[in-house]
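Summary of the model geometry
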Amino acid sequence: MKRSTMTDRSFDDLALPDDLASLDAELRSISYEERPSFGPELLPQLERAWMERHPERHGLRRRLAVAVVAGLLLVGAGVPSARASLVRFMDGIQGDRGKVDEPSPTAPTPMQLAPLNVESPLVDPAPETGRTGVLLGGPATSPTAERSEWPAPTMPEIAERARAEDLIRRHYPLALQRAGIGGTVGLLLWVDSTGAVDFVNLGRGSGVQELDRAALEVAPSLRFRAASRRGRPVGTWVEFDVVFKPNPEENDPFSLPSVDPIDLPIDAQPFDPAIVPEWRGDILLPAPGQREGSELLRDAMGKEWTESRLGPIESILAGEPPAGRAPTAWRVEVGRALESAVARDPDNPAPLLALARLRRKQGLRTEARVLFERGLERAIRRGAPVSPTLVAELQYERGRLVEEIWLARRGSGRVRGDAFSAGSCPQARSSGGAATGFASVDRLIAWNYLCPGEFGDILDKGFETTDVGLSADLTVAMASFRAAVEAYPAHVGANIEILLALADEGRWTEVMDGARRFVWASKGHPYGLLLGGLALQRLGRSEEARDQFELAFRALSQTEGDELRDIEVLIAGKQREEYLALHGEARREWERAFWAPLDPILTSAVNEREVEHTARASYALLRFGNTLNDAAEVWLRYGRPTRVRVVSANAGVHTEFWDYGGGPDITFSRLGTAGNMDLTPEGRAYLNDLREVLPHRYGTLARTVFTLPAQLSRFRGLEPAAEEVEVDTEVPALLATGAEDTLDLGVFLLGADGSKISVTQRRIRAQSVPMSLRTPVAPEVSSVVVEFFNRRTGQAASLRDAARLTGGEEAGPSVSDLLIMKSVAPGTEPVTRSADWVEPLSLVRPVDVDAVGVYFELYDLAPLASWYRLKVEIVNRDTGAVVGVPIRPAGEEGYRPTWDRYPSTEGPTVEFLSVALTDVPPGRHTLRVVADVPEAGTAVIATRDFDRR
Amino acid sequence: MQIEQIVSDKVTRTTPAERSSSLPQDFETWYHEYRSSVFRYVRFRVATREAAEDVTSEVFMKALRSFERYDETRASPKTWLLRIARNAVTDHLRALQRRGSLHVSLDRIPDLVADVPSQEERVIKQERIQRLLNGSQTLRKGDQEILSLRYGSGLQNAEIAEHLGISNNAVAVRLHRALRRLKSAVSDPQLDEAQHHD
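Position labels on residues start from 1 in each chain and follow its written sequence. Chain letters and ligand numbers both follow the written order, the letters beginning at A and the numbers at 1. Note on the predicted model: pLDDT of at least 70 is required for a residue's local features to be given, and 80 or more for side-chain atom pairs to be given and counted; whole-chain, interface and lining totals, by contrast, use all residues. In computing side-chain properties, one takes all heavy atoms of the structure into account and sets aside hydrogens as well as water.

The way it works is that DSSP assigns letters per residue, a run of H or I at least four long becomes a helix, a run of E at least two long becomes a strand, and they are numbered from the N terminus. Each helix and strand counted, chain A has 27 helices and 35 strands in total. Residue burial is assigned from relative accessible area. The probe radius is 1.4 Å, only protein chains are included, and a residue is buried under 20% of its type maximum, exposed over 50%, and partly exposed in between. Buried residues in chain A amount to 50% of all 949 residues. Put simply, of all contacts in chain A between residues at least 6 apart along the chain, 67% involve residues at least 24 apart. In these tables, accessible area is a Shrake-Rupley quantity obtained with a 1.4 Å probe, and a residue counts as shielded only by the protein chains included in the view. If you sum the accessible surface of chain A, you get close to 43400 Å²; carbon and sulfur atoms cover 53% of it. By definition in these notes, contact holds between two residues if any of their heavy atoms fall within 4.5 Å.

For the rest of this paragraph, the subject is the overall build of chain B. When you go through chain B residue by residue, the secondary structure sums to nine helices and one strand. Ordering the α and β elements of chain B from the N terminus gives α-α-α-α-α-β-α-α-α-α. Within chain B, the proportion of its 198 residues that are buried is 56%. Sequence-distant contacts in chain B: of pairs separated by 6 or more residues, those separated by 24 or more amount to 66%.

The definition of a nonpolar core used throughout is a set of buried Ala, Val, Leu, Ile, Met, Phe, Trp, Tyr and Cys residues joined through side-chain atoms within 4.5 Å. Phe624, Val634, Trp658 and Ile666 of chain A are the most contacted members of the largest nonpolar core, which has 90 residues in total. With near-sequence residues (within four places) excluded, Val634 of chain A lies in contact with Gly639, Trp658, Tyr660, Ile666, Phe668, Leu679 and Leu687 of chain A. Counting residues in each nonpolar core, the second largest holds 60 residues, with Val46, Ala88, Ile160 and Ala185 of chain B among its members.

Attention now moves to the state of the cysteines. Residues and elements named next belong to chain A. By convention in this document, the label disulfide applies to cysteine sulfur atom pairs within 2.5 Å. Inspection of every chain in the model, using the stated rule, returns one disulfide over all chains. A disulfide bridge connects Cys425 with Cys451, and the sulfur atoms are separated by 1.8 Å. Between Cys425 and Cys451 the disulfide shows an S-S torsion of about 80°. By sign, it is right-handed. With Cys425 in the loop between strand 12 (412-415) and helix 15 (441-450) and Cys451 in the loop between helix 15 and helix 16 (452-462), the pair connects residues that are 26 residues apart, well separated along the chain. Across the pair, Cys451 and Cys425 agree in class, each one buried.

This part is about the sheet that holds strand 20 (residues 723-729) of chain A. Residues and elements named next belong to chain A. Pairing between two strands requires that DSSP report at least two bridges joining them. Reading across the sheet, the three strands line up as 19-20-23 and stay open at both edges, with antiparallel pairing between neighbours. A single partner strand is all that each edge strand has here, and the edge strands are strand 19 (710-716) and strand 23 (771-777). The mean inter-strand angle of the sheet, taken between neighbouring strand axes irrespective of direction, is 15°. Inspection of the sheet shows strand 19 paired to strand 20 by seven bridges, in the antiparallel sense. Each residue of the ladder has a partner; that of Leu712, found in strand 20, is Val727. All axes here are fitted lines through C-alpha atoms, helices being fitted over the stretch that makes contact, and every angle between N-to-C directions spans 0 to 180 degrees.

Our focus in this paragraph is the confidence of the model for chain B. Residue and element names in this part refer to chain B. For chain B, per-residue confidence averages 71 on the pLDDT scale, and residues scoring 70 or more make up 68% of the total. Note: pLDDT gives the predictor's confidence per residue, expressed from 0 to 100. Predicted confidence in chain B is weakest over helix 1 (residues 2-13), with a mean pLDDT of 27, and strongest over helix 9 (residues 168-186), with 88. Segment residues 100-110 is flagged for pLDDT under 50; beyond a separation of four residues in sequence, or across chains, it makes 24 contacts in the model. For this predicted complex, the interface confidence score (ipTM) comes to 0.75, while the overall pTM stands at 0.57.

Time to look at the packing of aromatic side chains. Only Phe, Tyr and Trp rings take part, Trp by its six-membered ring, and two of them pair if their centres are within 6.5 Å. Stacked means planes under 30 degrees apart, edge-to-face means over 60, and tilted covers everything else. If you walk through the whole model with that rule in mind, you get 24 aromatic pairs over all chains. Here Trp635 of chain A and Trp658 of chain A contribute two aromatic rings whose centre-to-centre distance is 5.8 Å and whose plane-to-plane angle is 80°, an arrangement assigned as edge-to-face. Taken together, the positions of Trp635 of chain A in helix 26 (residues 630-638) and Trp658 of chain A in strand 15 (residues 653-659) put the pair 23 residues apart, joining distant regions of the chain. On the basis of relative accessible area, Trp658 of chain A is assigned to the buried category, the value being 2%. Within the aromatic cluster, the residues linked to one another by ring pairs are Trp50 of chain A together with Phe27, Trp30, Tyr31, Phe60, Phe67, Tyr70 and Trp80 of chain B. Here, over-ring charges are defined by two tests on the NZ atom of lysine or the CZ atom of arginine: distance to the ring centre within 6 Å, and angle to the ring normal within 35 degrees. One residue, Arg640 of chain A, lies across the ring of Tyr619 of chain A, its end atom 5.1 Å from the ring centre. The residue whose ring lies beneath Arg645 of chain A is Phe463 of chain A, and the NZ or CZ to ring-centre distance is 5.4 Å.

Laid out in structure tokens, this is it:
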């Protein structure tokens, strides 16, 4: 945005007293942002106004020229060569006109800049001199038109080229880079007199939509040195090419390498149960370089190593003391031996790897990192007798060291004390940290749990991040993991770390691809299957995700499989005791019974909620080490928090605030770079309280279930104890994707335990057509579910309700649900629900007519009462206001507030009322039918919500 | 189809050299030199940037219509344009007053800028600026006029004197008084509810 700041202006000094002088200064500091394009927009309007007043000043030749231009536009605009001639022609007109009129001192001229090439990655920044603009035309270039005392006009030039290239590179879609797809996007930019880009037009597409979009997105962030006329900066249109040039080398810290041996055959089905998993047995296989490392280490240590003195060589390489040895003393002794081994055999990476691990265990992280790097340097030296697996191990260890620092500090920051002044929380008394200007952790925790609403605002306003500059660590760590995977594609740790980092970024397609390669390379490592399943679940492909998890369970040990399936944290009390007492197949059975009623989309072939649990458990297992710790518990119950903020205290204690949207954040504390996190005592108490209210939450963005708007009406059936349910609905707009698309319609009648007693399924077109579904309901049915499900998008709309009328079993008069329908005059025909004139409304949309029909049935009136009185009230659901409305029963004349009616002596008493809504304002309402039965001393009432437009 | 659109854009929009040539050269020079001054003057007195743009457009349209009657012996072009602007602002405010919508709300001033470092300071500064502007709108018309000439258009005292047809000294005295009244207006706690009155 262009700013007219006070630097443009100078002010006379006024002799003012101090108080006024400060006011004067304040007023002088006020300035305005004028829209950069405002000036250029107004100019043609003025010109038109002027030409209308003075048409005679513009000659025939000019009008002809305009006509020719218009013709060219119509005829040849789409053809590149015609466009070129158009530019030349414009040149001619302008040059000619230059002789007639004085050139405008500030007239911007169309310009073409050399393209901005961006390779991925940028290997050699192009020299500045490579970019010369080409002036296509315009009077300003004509020597006769340019007054000699004015400096030559200049054209915009890209400023901060490196930044621009970086910007463009960041917008270059990764998938396209990988696929080697590039292109040139011609843009037309308005570069204002400050050098900012105000308008962006796509001039010439690259033929790849994603690239065009990327160029359009990045353009407003580009900065130019503005064009100038007579030495003054002016705005101008500029033709500008953005060139995306793929480069086989990757520059993305997360990217996985394309290494030949793990590239999949095109038709390979890597998740096909027939080809994976070969993997069986213990996950904790020896690290890939271990055997070779042991041999190298033995060579390096020579006579200094005897098993009786230092323990097995594998222990030394792993940095772990053998059983029965005092760790500290052992490390000191082994450390000395390794140091002399390093001195004796400086080219051997094995003692460096061992010593680095030892140092890390001793807490000497900086030294450990140096040692890993030295070891790496030795290992990758040309001709070094070291296999890729050892290199992979060194890379991985180095990466972990750096990554731990990043993980410990990411999201960290502090909260300014003054942010609290805006809120009030009388219950929270702690005011610690006032002296430092930042709130103490105690204060934050107190506000979080006592005044969560206020605290959310405070965090939003007062949280200052201190994790700046950390991305370099992540880049180093990821580069190490990548190198490890390149050296040894089946490296478990490095693959997992890359995939977890991608998962944290929500880059699920890449997680899926990466997991596939890892599974392929490792011949079916279950961790790869778990991460693949997680990615598929996040992408809404729950069926495939379930298959992945099933495969993983086959390869995992019994213990790990049980741990992933465990639902202990989701249940409480007696249920939990019961569950924990079970083992083996009995436990599986209990889990199946637990999940069955929680299935959010019955129409789909999978229980999404159960798959979601396994997906969460997979992440928790790999990120938090196991599924039994506090962090895993929260993760399993509520999924990924929307935001994590970390506040650190002096002693290296980090407090994590996991934000889940509503309510307090859940707080954890952890020490230093340790991965272990424990709930703070307040967090534990809160989580226990939550168990009663919201033990767990489904919530997945990939497969969404909307509430299906519908009228679900229950009526007594003809058979004793049998009932009938009618559902009037239509495909909601969100799912009505068109006649080419199909939806699964499912009607499920469920027993009290969630078991499916009856299932009716149809394929229908995804169009909004009203439909009435009716089904008899047997006594054992307790709920009914109606669903529309789009298999392609994974979206569903679902209605769940009780299948039976409440109170039907009690003695005395009762009423069915109300069925709202189009208002008609049924005349003298008997009223039945199956009559031709009955047209139920789906209530998907608000009611916009002045009268509706209401059908209902009254039961068990006859022996008790000889008459009853009907009235209808409309209750405003927002204000609670109640108004009576006029009604007309079928077969009667005219509308009245109440009608006295006589019950049918056989079967239910059937009513159809026309209800006048003329006096009902737009809004959210409830229609209430009241049948007063004075002889029985009671009234029966039925209601139905509706919206009115 | 897309290309056609783009090319026509380019020809109609990328060749301001052509369209500018149809205006009298003097006028176009003034337009480039004084548009900012006029805009700021107007912006100082109206509630929103959009209104300021409308009024500024009106000023130049009016100036173009009476361009041939402009007499350089009577006023400099800048003074002439600002005089038109003063009348245009008065018309605009009168029209608004008839519609009763003079209230200026804080959330409508995103174009007001103060060069202060932090976001928070910026917000505080904006609130203060809006208070000053609201305050200035409660002043008498003459005070508003002189304040907008100085702080909106950034005119020198001599230019203000020329514009108002008074002496340099009188400008200083009037500015002094206007500032005094503005100061007392912004310390008036009633100000937030204050409505404009001429």
